[in-house]
Amino acid sequence: METPLIEFRNVVKGFGDRTILQGVDLKIYRGQITTLIGKSGTGKSVLLKHIIGLLTPDSGSILFDGKPIENMTKKELNDYRSRISYMFQSNALFDSMTVFENIALPLEQTTRMRKKEIKTKVMSRINQMELHEVVHKYPSELSGGMQKRVALARALVTDPEIVLFDEPTTGQDPIRRNSILTMIAQYKKKFGFTAILISHDIPDMFFISDRIILLWDGKIAFQGTYEESTSLDHPMIDEFLASLEGFQDELTGLLSKQAFRTRYDSILRRKQKEKTFAAILFKLELDHMCEIMGSELAFQSLRSLGEYISKQMDSKGGFSARQSTEQILTILPYTGMEEAQNMLNDFAQGLNRLLVCNNQAGSTDDGEHEVCGFEINVYAGVTESKSNEEIEKIIIKARAVENIIAQYRCESRRELEREKV
């Protein structure tokens, strides 16, 4: 069995007469995104401070790679702490420093690297995160999205093994929120760090999290995948999931995943026996779009797709939800395969209008460079399903038959000018 990167064993922590952590047991695994959720005041930030070493437990043990932290030598403890970085909720960039100076700060303060070595390391990280165009600018001159990238570059410049994110999307609108979470997932994949998030933004964070840890009244009520949480018989989990049933996916306006599952069960699985129906899986190439046109425009396109799906499919008795960052599943409980295929053909005819970029060659969400000369593809797969099938199986079947149903090419300015001539 895999050894957890970080493990809490019966950790207790109190302040005065109040006990915040009441025997916490949890496991965080290497290379995953783990999101810590729970009501305000339940001890999420206290737990995070134990991981980074700002607090020590009153009793219990915290292990790193199988070794109790309390048994570490001073050198081992310093080495452990050097492997952890922290991205603040407010970014905490210094307005009097340039982007380069902000990113270089952790190396200047925590290492004995020479100026030349620091410059090389910082410029390498800047180029990797595509910040070279703003290297001499100040934070106040940058957009909110670019400031987040600078803050993340500073957190990653020391090559940490673990990055802690304390409410990274608080106060953001749905597009920006999804943009920030996608940025974390993309750079986690690129640099290979282990990410630990505290978040209130449900259900957005479900789309990037490998594991979810629910802290409830100072104890761990659940830890595992989102899919596992939906089948767990536990009163605290039931209360938590019940609180999600009214949630919409704010980005697309569609149902939340939990509300989608509830409706699927109530309409098909609980009331019908061997009923067949059609399902359509839509996919937008979101990762590619974020790289080419910027995350804000990419998520605006996803929002438009969700709104269009809702408009077209709800009138036919369908219901839809985002199942992953870039996939939307529509269930058509009263529709057969032939009718569903005809519906999809009609749907595709109007879809290209939704993919037109601002000014046809607009700027990215960071407003730093022109976006042009790219294609956007929308895929869809139609499958026949039965009422006793799991949603995950329906997605696999639909994915196997998906094809491009709409394509939009954003010409470069040079090509457009050549066409005019």
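For the structure given in this document, a descriptive report is provided here. (Residues numbered from 1 in each chain as written. Predicted model: local features only at pLDDT ≥ 70, side-chain atom pairs only at ≥ 80, totals over all residues. Heavy atoms only, no water.)

A few words now on the sheet that holds strand S1 (residues 6-15). Strand order in the open sheet formed by 4 strands is S2-S1-S4-S5, with antiparallel pairing between adjacent strands. Single-partner strands in this sheet number two, and they are strand S2 (18-28) and strand S5 (67-68). Relative to S5, strand S4 (residues 59-64) is paired through 2 bridges, and the arrangement is antiparallel. The partner of Phe 64 across the bridge, within S5, is Lys 67. Across the sheet, helix H1 (residues 44-52) lies against S1, S2 and S4, angled at about 120 degrees from S1, the strand it touches most. (Pairing = 2+ DSSP bridges. Helix = DSSP H or I, 4+ residues; strand = E, 2+ residues; numbered from the N terminus. Contact = heavy atoms within 4.5 Å. Axes fitted to C-alpha atoms, helices over the stretch in contact; angles between N-to-C directions.)

Before going further, it helps to examine the nonpolar core. If you look at the biggest cluster of nonpolar residues, it comprises 43 residues, and the most contacted ones within it are Ile 103, Val 122, Leu 131, Leu 152, Phe 165 and Leu 197. Here the element with the most residues in this core is helix H5 (residues 144-156); it accounts for 7 residues. Beyond its immediate sequence surroundings of up to four residues, Ile 103 is in contact with Val 122, Ile 126, Leu 131, Val 150, Ala 153, Arg 154 and Val 157. Counting residues in each nonpolar core, the second largest holds 34 residues, with Leu 251, Leu 284, Ala 406 and Tyr 408 among its members. (Core = buried A, V, L, I, M, F, W, Y, C linked by side-chain atoms within 4.5 Å. Buried < 20%, exposed > 50% of the residue type's maximum accessible area, 1.4 Å probe, protein only.)

Turning our eyes to something else, we now look at the sheet that holds strand S6 (residues 84-87). Overall, mixed pairing links the 6 strands, which are arranged S6-S7-S8-S3-S9-S10 in an open sheet. Among the strands making up the open sheet, the edge pair consists of S6 and strand S10 (219-224). Adjacent strand axes in the sheet meet at a mean angle of 20 degrees when their direction is disregarded. Relative to strand S8 (residues 194-198), strand S7 (residues 162-166) runs parallel, the two sharing 5 bridges. Residue pairing in the sheet places Asp 166 in a bridge with Ile 198 of S8. In the packing of H5 onto the sheet, the strands contacted are S6 and S7, and the crossing angle to S6 comes to about 165 degrees.

What the rule picks out here adds up to 15 salt bridges. Measuring nitrogen to oxygen at the nearest pair gives 3.0 Å for the salt bridge that ties Asp 65 to Arg 30. Residue Asp 65 is found in the loop between S4 and S5, and its partner Arg 30 is found in the loop between S2 and strand S3 (33-37); the two are separated by 35 residues along the sequence. A relative accessible area of 38% places Arg 30 in the partly exposed class. Here Arg 322 and Asp 249 are joined by a salt bridge, their closest N and O atoms 2.8 Å apart. Separated by 73 residues along the polypeptide, Arg 322 in strand S12 (residues 319-322) and Asp 249 in the loop between helix H8 (235-244) and helix H9 (257-269) bring together distant segments of the chain. The buried category is assigned to Arg 322, whose relative accessible area is 0%. A cluster of three or more residues bridged by salt bridges with shared partners is formed by Arg 30, Asp 65, Asp 79, Arg 83 and Glu 161. (Salt bridge = Lys/Arg side-chain N within 4 Å of Asp/Glu carboxyl O.)

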